[in-house]
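Spelled out, the chains give:
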Amino acid sequence: MAIYPIRTFGDPILRTKAEPVSDFDRHLERLVEDMLETMYDAPGVGLAAPQIGISKRVFVYDIGEGPGAVVNPEILETSGTFEFDEGCLSIPGHFWPITRPEYARVAGQDVDGQPIELEGDELMGRMLQHEVDHLAGTLLIKRLERDLKTEFMREWRQAQL
Ligand SMILES: [Zn+2]
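This structure is a prediction, so every number in the text was calculated from the model and none was measured.

Asks: Report on the overall build of the chain, specifying residues and quantitative values.
Replies: For the chain, the count of helices and strands is three helices and seven strands. Ordering the α and β elements of the chain from the N terminus gives α-β-β-β-β-β-β-β-α-α. Expressed as lengths along the three principal axes of its C-alpha atoms, the size of the chain is roughly 45 × 35 × 25 Å. Each of the 161 residues in the chain was classed as buried or not, and the buried ones make up 28%.

Asks: Summarise the nonpolar core; cite the residues concerned and give the values.
Replies: Membership of the largest hydrophobic core comes to 28 residues, with the highest contact counts inside it found for Val32, Met35, Leu47, Ala49, Val58, Phe59 and Val60. Put simply, the parts of the chain that give this core at least two residues each are helix H1 (26-41), strand E1 (46-48), strand E2 (58-61), strand E3 (68-79), strand E6 (103-109) and helix H2 (122-135). Excluding anything up to four places from it in sequence, Val58 contacts Val21, Leu31, Val32, Ala49, Ala69 and Val71.

Asks: Outline the sheet that holds E2, listing residues and values.
Replies: If you walk across this open sheet you meet the five strands as E1-E2-E3-E6-E7, and the pairing is antiparallel. Each edge of the open sheet carries a strand with a single partner, namely E1 and strand E7 (115-120). Between one strand axis and the next, the sheet turns by 40° as a mean value, whatever way the strands run. Note that E3 and E6 share six bridges and pair antiparallel. Across the sheet, Val71 pairs through a bridge with Gln109, a residue of E6. Seen against the sheet, H1 touches E1, E2 and E3 and runs at an angle of roughly 45° to E2.

Asks: Outline H1, listing residues and values.
Replies: Relative to the 22 Å expected for 16 residues at 1.5 Å per residue, H1 spans 23 Å between its end C-alpha atoms, a close match to the ideal helical length. Listed as buried for H1 are Leu28, Leu31, Val32, Met35, Thr38 and Met39. End-on view of H1: buried residues confined to an arc of 130°, all on one side of the axis. Residues of H1 that are exposed and angled more than 90 degrees away from the buried face: Arg26 and Asp41. Buried residues along H1 sit in contact with E1, E2 and E3.

Thresholds, definitions, all that
Residues numbered from 1 in each chain as written. Predicted model: local features only at pLDDT ≥ 70, side-chain atom pairs only at ≥ 80, totals over all residues. Helix = DSSP H or I, 4+ residues; strand = E, 2+ residues; numbered from the N terminus. Buried ≥ 20, exposed ≤ 12 C-beta atoms within 10 Å, placed from the backbone. Core = buried A, V, L, I, M, F, W, Y, C linked by C-beta atoms within 7 Å. Contact = placed C-beta atoms within 7 Å. Pairing = 2+ DSSP bridges. Axes fitted to C-alpha atoms, helices over the stretch in contact; angles between N-to-C directions. Expected span 1.5 Å × (residues − 1). Arc of directions from axis to C-beta.

Written as structure tokens, this is what we have:
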């Protein structure tokens, strides 16, 4: 197993749509193991493959109920609204109140290619939406209210100088 460096805001891979996975082989198993190790080390409750520089539709998670991995996830359904202080391992040190649907249901595959479904509200629902966003190349900055987004971008540009 290996811990990867986590890509941060500004890295183009985080804005790139990830490729579907078609090979359910030893490499995929290894990728999931490494992603879990990287996520626990960070620590975080979810990690998508592009965050470690791999543009594939895979994410891992553990919201405190044990580890899981989803390959080729798609959101089937969302409902309700829920404001939550959301952060991202790729934007370290920031948490913003973001309103999203409270409940989400996701379909995908496990590491063996078998169909799976996951659902949940509150933290689980939030994690599912956040990780599927990553695979579409969407960071939570895009979900921020305009003022917060402007403030973050100004701060980020200054830090690049
Ligand atoms: Zn994230």
